[in-house]
Amino acid sequence: MTSTPYTVDDVMTKTVVTVTATAEFKEIATAMERWKVTAVPVIEGEGHVVGVVSEADLLTKEEFHAQGPSLIEQMRRLGDTAKAGSVRAEQLMTSPAVTVRPDATLPQAARLMAHRHIKRLPVVDADGTLLGIVSRADLLKVFLRSDDDLAAEVRREVVERLFALSHRDITVDVTHGIVTLTGRTRDPHLVPVATRLARAVEGVVGVHCRLEGPTSA
């Protein structure tokens, strides 16, 4: 019932720092420092994503720099200890990369990040070609929408559509992203629906619903 939800394409960064599979350790570390990023997609050919190298992948070298891992630790952390001795992206990267499509909704991207315990996702097309990158910070951009913008959408997409006959008797106020609905409606059974739909508007932080039914005669 509400307008089309925001997608990854709406908030992703389209200029992406990348490296090739043959990029050396220092080249990767230098790129991260220069561009202030904590992970870089690894690409091949015309931009096909084959993996991701993160700061965590690089830090294993520092972790085991002064003293190598014990035999037990080597067995327990085979992946990390292998990376500690690696010097190129193809050896350091996490592969296959966890990616997301540009038409994924923001909640879908957020759930994927939470489930896989990662901070950013390369955005790819159907062929796996890199289109951009989306981070946790990008997903929070919707909460920067102005109160006026949110109020206009809640009124247009929720109140006017749901309460066609009594929408003029309903006030929509938004302060710091929190929506307050006040007034009377001829359809009190729709009040819980209005609360749910208002809360689903991208950028809404919370909803206070103070709608009441018609006054008694």
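Everything that follows concerns the structure shown earlier in this document.
Residues numbered from 1 in each chain as written. Predicted model: local features only at pLDDT ≥ 70, side-chain atom pairs only at ≥ 80, totals over all residues. Heavy atoms only, no water.

Some thoughts on the packing of helix α9 (residues 147–162) against helix α10 (residues 191–200)
Step number 1: Taken N-terminus to C-terminus, the directions of α9 and α10 make an angle of 160 degrees; their axes are 10 Å apart at the nearest point. With respect to α10, the axis of α9 lies roughly antiparallel. For α9 against α10, the interelement crossing comes out right-handed. Counted together, V154, V158 and L162 of α9 and V193, A194, L197 and A198 of α10 form the full contact between these two elements. (Axes fitted to C-alpha atoms, helices over the stretch in contact; angles between N-to-C directions. Helix = DSSP H or I, 4+ residues; strand = E, 2+ residues; numbered from the N terminus. Parallel < 35°, antiparallel > 145°, perpendicular 65-115°, else oblique. Left-handed = near helix turned anticlockwise from the far one by under 90°. Contact = heavy atoms within 4.5 Å.)

Considerations on the environment of A110
Step number 1: Among the secondary structure elements, A110 is positioned in helix α7 (residues 106–116).
Step number 2: As a C-alpha pair, A110 and R136 span 26 residues in sequence and 7.4 Å in three-dimensional space.

Remarks on the environment of D147
Step number 1: Note that D147 resides in helix α9.
Step number 2: Ignoring anything within four residues of it in the chain, the contact list for D147 reads V174, T175, H176 and G177.
Step number 3: Only 2.9 Å separates the side chain of D147 from the backbone nitrogen of H176, close enough to count as a polar contact. (Polar contact = N/O pair within 3.5 Å; in protein donor to acceptor, adjacent residues only side chain to side chain.)

Some thoughts on unusual backbone geometry
Step number 1: With an omega of 0 degrees, the peptide bond running from S95 to P96 counts as cis.
Step number 2: By secondary structure assignment, the location of P96 is in the loop between α6 (89–92) and α7.
Step number 3: The phi angle at K36 is positive, at roughly 55 degrees, despite the residue not being glycine.
Step number 4: Looking at the element boundaries, K36 is found in the loop between α2 (25–35) and β2 (39–44).
Step number 5: A positive phi is found at H176, a non-glycine position, where the angle reads about 55 degrees.
Step number 6: With respect to the element layout, H176 can be found in the loop between β6 (170–175) and β7 (178–184).

Observations concerning the pattern of salt bridges
Step number 1: Enumeration according to the criterion identifies eight salt bridges in this entry.
Step number 2: A salt bridge links K141 to D138; the shortest N-O distance between them is 3.1 Å.
Step number 3: Its relative accessible area of 37% is what places K141 among the partly exposed residues.
Step number 4: Under the relative-accessibility criterion, D138 is labelled buried at 7%.
Step number 5: In this structure, the salt-bridge partner of R145 is E153, at a minimum N-O distance of 2.7 Å. Here R145 and E153 have matching classes, each one buried. (Salt bridge = Lys/Arg side-chain N within 4 Å of Asp/Glu carboxyl O. Buried < 20%, exposed > 50% of the residue type's maximum accessible area, 1.4 Å probe, protein only.)

Describing the layout of surface pockets
Step number 1: By volume, the largest pocket amounts to about 380 Å³.
Step number 2: If you trace the largest pocket, you find 16 residues lining it, with A39, V52, S54, I118 and K119 closest to the centre.
Step number 3: For the lining of the largest pocket, the secondary-structure elements that each account for two or more residues are β3 (48–54), α3 (55–63) and β4 (120–124).
Step number 4: In terms of residue count, α3 provides more of the lining of the largest pocket than any other element does, three residues in total.
Step number 5: Each residue belonging to the lining of the largest pocket can be placed in one class, and the counts come to seven nonpolar, four polar and five charged.
Step number 6: The calculated volume of the second largest pocket comes to roughly 260 Å³.
Step number 7: Forming the walls of the second largest pocket are 14 residues, and the residues nearest its centre are T13, T15, V17, V37 and I133.
Step number 8: Elements with a contribution of two residues or more to the lining of the second largest pocket: β2 and β5 (130–135). (1 Å grid on protein atoms, 1.4 Å probe; cavity = no way out; pocket = protein on both sides within 12 Å on 5 of 7 lines; lining within 4 Å. Points joined across faces, edges and corners; volume = space filled by probe spheres on them. Nonpolar A, V, L, I, M, F, W, Y, C, P; charged D, E, K, R; others polar.)

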